[in-house]
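If you want the building blocks of each chain, they are given just below.
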Protein chains: 2
Amino acid sequence: MNNIVLYMSMSLDGFISGPQDGPGRGFGIGGERLHDWLSPGGVDPGSHRPTSGPGTVVFDEAMATGAVITGRRTFDFAGRWDGDHHDGVPIFVLTHSAPDEPAPGHATYVTDGIEACVAKAKAAAGDRDILLHGASVAQACLRAGLLDEMELQLVPVLLGQGRRLFEDLPPDHHELELVRSLEGADALYLRYRVRSKGPEGSKRSEST
Amino acid sequence: MNNIVLYMSMSLDGFISGPQDGPGRGFGIGGERLHDWLSPGGVDPGSHRPTSGPGTVVFDEAMATGAVITGRRTFDFAGRWDGDHHDGVPIFVLTHSAPDEPAPGHATYVTDGIEACVAKAKAAAGDRDILLHGASVAQACLRAGLLDEMELQLVPVLLGQGRRLFEDLPPDHHELELVRSLEGADALYLRYRVRSKGPEGSKRSEST
């Protein structure tokens, strides 16, 4: 059974980008800091492979996934990866409405919700895991109870402000299990398995 | 030189208590989950010592500190520790205005700001570290550049909502160094040293 695995770099105070100083939807002010564990690289995501340390393990696992799920914000900011995130695996881009121009390369816009997006990605990935990337799809997956694992690069910095990974979620408890912790110079690589929603969360959900 | 060390239990999504369901200022709904690494104990803080695992190390270090800094919210919620947090060390309670009744036992209200509070605690603690506890004093210390270390119990749960440890901070980058990571069944014990404010943060501070 393949897993939906969220891959994200997050500051200790929970941000995945710095505060925006314009209409851009990029790293935000100082947000590049969160990606110091990666090599500078170029347009090709594969070119960002770290040169050493546990980041290489995490990176290689990400690049071994069989499909990608992301949101429009992340997709557009990343230059749509020129239609190929890695090895030509299908990319499913969750969006409210697809633009007129078709998605490039191996990408497909999905407009009928996160459940459909996940179903398509799971079917396409075969026995390989699915790489989930971006705060909006992460939150959508959590809300729908569809997230299996999280591989977080916890970066030793406080950004103070920016865009949070975990935001605007309902008060549902998700019990996690830390299944791997790798300590690198630039980040702590934490892999969590999503175990359950706790009784408090369920109780709240039923009453609202 | 003694250090100001923040001790807090935090969910992976950054909360130190669950959402409040009334005027209370306690753990919030489901927030007790964050303290599963401690023994149930009683009124005496010392009675919460974990029975085994790396939590015992962290707990013993906390109980070896020479002074306590906290805020009114935390102090009142904790029943003012009956005036004695541990071993009769002085407790400095940061507050905007002291109540009419004097602080019990070894506690003192400090109304002239975090800098004064830290100075008093450092002087009182001798060569021992100072235990800082509570979100408001943590944020005040970070804003003032007075925080030396953080000992966070990162709990494998998402609460979804609640009170955040890092909130309403200016966009100042604080570079951290992970100086210790201990993996326990109930939490990941992370000790960070506060290294610096990054150039992005400083730049923003100067322009605002």
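Preceding block: the structure.
Below, the structure is looked at part by part. Since we're looking at a predicted model, the values are computed, not measured.

1. Notes on the overall build of chain A
For step 1, the next point in the chain: Along the backbone of chain A there are five helices and eleven strands.
For step 2, the next point in the chain: Rg of the C-alpha trace for chain A: 17 Å, near the compact-globule value of 17 Å for 208 residues, within the 12% margin.
For step 3, the next point in the chain: Counting all 208 residues of chain A, 52% fall into the buried class.
For step 4, the next point in the chain: For chain A, the computed accessible surface area is about 8,700 Å², with 49% contributed by carbon and sulfur atoms.
For step 5, the next point in the chain: Computing the positive centroid from 19 side-chain charges and the negative centroid from 29, chain A places the two 4 Å apart.

2. Some thoughts on empty space enclosed by the protein
For step 1, the next point in the chain: Enumeration according to the criterion identifies three cavities of 30 Å³ or more in this entry.
For step 2, the next point in the chain: The computed volume of the largest cavity comes to approximately 100 Å³.
For step 3, the next point in the chain: Around the largest cavity, the lining is made up of 13 residues, and of these Asp13 and Gly14 of chain A together with Asp13, Gly14 and Arg164 of chain B lie nearest the centre.
For step 4, the next point in the chain: Classifying every residue of the lining of the largest cavity by side-chain character gives seven nonpolar, two polar and four charged.

3. A word on the relation of the copies chain B and chain A
For step 1, the next point in the chain: For these two chains of identical sequence, chain B goes onto chain A by a turn of 180° and a shift of 0.0 Å along the axis, with RMSD 0.0 Å. Both copies are brought into coincidence by an operation consistent with a two-fold rotation axis. Minimal C-alpha distance to the rotation axis in chain B is attained by glycine 14 of chain B, lying at 3.2 Å.
For step 2, the next point in the chain: In this assembly the copies share their binding face: 100% of the residues contributing to the interface of chain B also contribute to that of chain A.

4. Some words on the environment of glycine 83 of chain A
Residue and element names in this part refer to chain A.
For step 1, the next point in the chain: Mapped onto the elements, glycine 83 comes out in the loop between helix 2 (72–77) and strand 4 (91–94).
For step 2, the next point in the chain: Here glycine 83 falls in the buried class, since its relative accessible area comes to 1%.
For step 3, the next point in the chain: Expressed as a C-alpha distance, the spacing of glycine 83 and glutamate 61, which sit 22 residues apart in the sequence, is 20 Å.
For step 4, the next point in the chain: Setting aside residues no more than four positions away along its own chain, glycine 83 makes contact with Ile91, Pro104, Gly105, His106 and Ala107.

Thresholds, definitions, all that
- Residues numbered from 1 in each chain as written.
- Chains lettered and ligands numbered in written order.
- Predicted model: local features only at pLDDT ≥ 70, side-chain atom pairs only at ≥ 80, totals over all residues.
- Heavy atoms only, no water.
- Helix = DSSP H or I, 4+ residues; strand = E, 2+ residues; numbered from the N terminus.
- Rg over C-alpha atoms; globule rule 2.2 N^0.38 Å.
- Buried < 20%, exposed > 50% of the residue type's maximum accessible area, 1.4 Å probe, protein only.
- Areas by Shrake-Rupley, 256 points an atom, 1.4 Å probe, with all protein chains shown as cover.
- Lys, Arg positive; Asp, Glu negative; His and termini not counted.
- Charge placed at Lys NZ, Arg CZ, Asp CG, Glu CD.
- 1 Å grid on protein atoms, 1.4 Å probe; cavity = no way out; pocket = protein on both sides within 12 Å on 5 of 7 lines; lining within 4 Å.
- Points joined across faces, edges and corners; volume = space filled by probe spheres on them.
- Nonpolar A, V, L, I, M, F, W, Y, C, P; charged D, E, K, R; others polar.
- Least-squares fit on C-alpha atoms with pLDDT ≥ 70 in both.
- Contact = heavy atoms within 4.5 Å.

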